[in-house]
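These are the residues of each chain, in order.
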Amino acid sequence: MRFLILADIHGNSEALDAVLERARADGYDEVLVLGDLVGYGAGPNEVVETIRELTPTGKVIRGNHDKVVGDLEDGWNFNSVALAAAQWTRRNLTPENLDYVVSLRPGPVMTETGLVICHGSPRDEDEYLLSVEQATEVFRVHPHVLTFFGHTHIPSLFVDDGDKVSVAVVEGEHAAVPVERGMRYLVNPGSVGQPRDQDRRAAFVIYDGDRDEVHWRRVDYDLERAQKRIRDAGLPPILANRLAVGV
Ligand code: ZN
């Protein structure tokens, strides 16, 4: 079975459309979504509707932006741009789509085949999992072999070989890692809608459960259209500018 794994879409429907077109060519059976469907981009309704259609088994969890957009948190820790975008998104989602965002579950959630999905980390949905020290602590309390996380927007990988934990940042569009016996993995696919690794292309992962391999992918999308919609919507212009440089 092949899984398409999406994180941090952030209302960028142009990026999501390009990812789906590419992923269909690759082939997948089920979609897992690691949160932050909305916030920042100008296409939140399209993103929510597309994700609802793609995930009949409901393997979708919430991110911190989804919580603030849904008014489950007040965004006290958001900068002014993120907060303005969350408020714009709340005003512009249809009532039905806003209800869906409010209803999203917190991670971690496990699939029938034992994969785990979470937004920040399995121990804290709002944690930015960036260091080997943090990953070591997570592996200590979290026994699962293969866990997917988002939130940092950096395509990356922590591996516990039973002895020590190592980290790798994943670059380019054809990286693949085999899941090896005796090892455990925390995998970040990168962000669909707002990459922050200085590569403007949308990022995603295909996990091939038959070969037991994780494949990272990058794909170009209609950046100019996404930027124009952000500016036309009256969202903070920096949200359009940063998409061009992937920060
Ligand atoms: Zn995010």
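Residues numbered from 1 in each chain as written. Predicted model: local features only at pLDDT ≥ 70, side-chain atom pairs only at ≥ 80, totals over all residues. Heavy atoms only, no water.

Colleague: Please clarify how the coordination of the zinc ion should be interpreted in this entry.
Modeller: Octahedral metals with six donors have ideal donor angles of 90 or 180 degrees. Tetrahedral metals with four donors have an ideal donor angle of 109.5 degrees. The zinc ion binds to the protein through Asp 8 (OD), His 10 (NE2), Asp 36 (OD) and His 153 (NE2), with metal-donor distances spanning 2.1 to 2.5 Å. Linear spacing of the donor residues for the zinc ion on their chain is D-x1-H-x25-D-x116-H. In this pair, Asp 36 is assigned in the loop between strand S2 (30-33) and helix H2 (44-54) and His 153 in the loop between strand S5 (146-148) and strand S6 (156-160), connecting sequence segments 117 residues apart. Here Asp 36 falls in the buried class, since its relative accessible area comes to 1%. A relative accessible area of 1% places His 153 in the buried class. (Donors = N, O, S within 2.8 Å, 3.2 Å for Na, K, Ca; no water. Helix = DSSP H or I, 4+ residues; strand = E, 2+ residues; numbered from the N terminus. Buried < 20%, exposed > 50% of the residue type's maximum accessible area, 1.4 Å probe, protein only.)

Colleague: Would you take a moment to explain the packing of aromatic side chains for this structure?
Modeller: The way to describe two aromatic rings as a pair is by their centre distance and the angle between their planes. Applying the stated criterion to the full structure yields 3 aromatic pairs. Aromatic rings pair up to connect Phe 3, Phe 148 and Tyr 207 into one cluster. The side chain of Arg 242 reaches across the aromatic face of Tyr 40, ending 5.7 Å from its centre. (Phe/Tyr/Trp six-rings, centres within 6.5 Å; stacked < 30°, edge-to-face > 60°. Lys NZ or Arg CZ within 6 Å of the ring centre and 35° of its normal.)

Colleague: Looking at this structure, how should I read the sheet that holds strand S10 (residues 202-208)?
Modeller: Through backbone hydrogen bonds, the strands of a sheet pair up, either in parallel or in antiparallel fashion. Strand order in the open sheet formed by 5 strands is S2-S1-S10-S11-S8, with mixed pairing between adjacent strands. Whereas interior strands pair on both sides, the edge strands pair on one side only; in this sheet they are S2 and strand S8 (176-178). Here the strands of the sheet are splayed against their neighbours by 20° on average, with no regard to which way each runs. (Pairing = 2+ DSSP bridges. Axes fitted to C-alpha atoms, helices over the stretch in contact; angles between N-to-C directions.)

Colleague: Where do I start with the nonpolar core in this structure?
Modeller: Grouped burial of nonpolar side chains is what soluble globular proteins tend to show. Among the nonpolar cores identified, the biggest contains 45 residues, and Leu 4, Leu 6, Leu 37 and Ile 51 are the most heavily contacted of them. Counting residues per element, this core draws most heavily on helix H1 (residues 13-26), at 6 residues. Core analysis: the next-biggest nonpolar cluster, separate from the first, contains 22 residues, Ala 7, Val 109, Val 170 and Val 205 among them. (Core = buried A, V, L, I, M, F, W, Y, C linked by side-chain atoms within 4.5 Å.)

Colleague: Just to check I follow, could you spell out the environment of Pro 236 for this structure?
Modeller: Mapped onto the secondary structure, Pro 236 falls in the loop between helix H7 (223-232) and helix H8 (238-245). In the structure, Pro 236 is positioned 156 residues away from Ser 80 in sequence and 9.5 Å away in space, judged by C-alpha atoms. Once residues within four sequence positions are removed from consideration, Pro 236 is found in contact with Val 81, Ala 84 and Ile 230. (Contact = heavy atoms within 4.5 Å.)

Colleague: Got a minute to help me understand helix H4 (residues 80-92) in this structure?
Modeller: Owing to its 3.6 residues per turn, the α-helix aligns residues three or four sequence positions apart on the same side. Between the first and last C-alpha of H4 there are 18 Å, a value that for 13 residues agrees with the 18 Å anticipated at 1.5 Å per step. Those residues of H4 lying buried are Ala 82, Ala 85, Ala 86, Trp 88 and Thr 89. Viewed end-on, H4 has its buried residues packed into an arc of 165°, placing them on one side of the element. Those residues of H4 that are exposed and angled more than 90 degrees off the buried face are Ser 80 and Arg 91. Those residues of H4 that are buried are in contact with H2, helix H3 (64-69) and H8. Structurally, the start of H4 carries an N-cap: the backbone nitrogen of Val 81 is 3.1 Å from a side-chain oxygen of Asn 79. (Expected span 1.5 Å × (residues − 1). Arc of directions from axis to C-beta. Polar contact = N/O pair within 3.5 Å; in protein donor to acceptor, adjacent residues only side chain to side chain.)

Interpretation note: all reported values are geometric properties and have no functional meaning in isolation.
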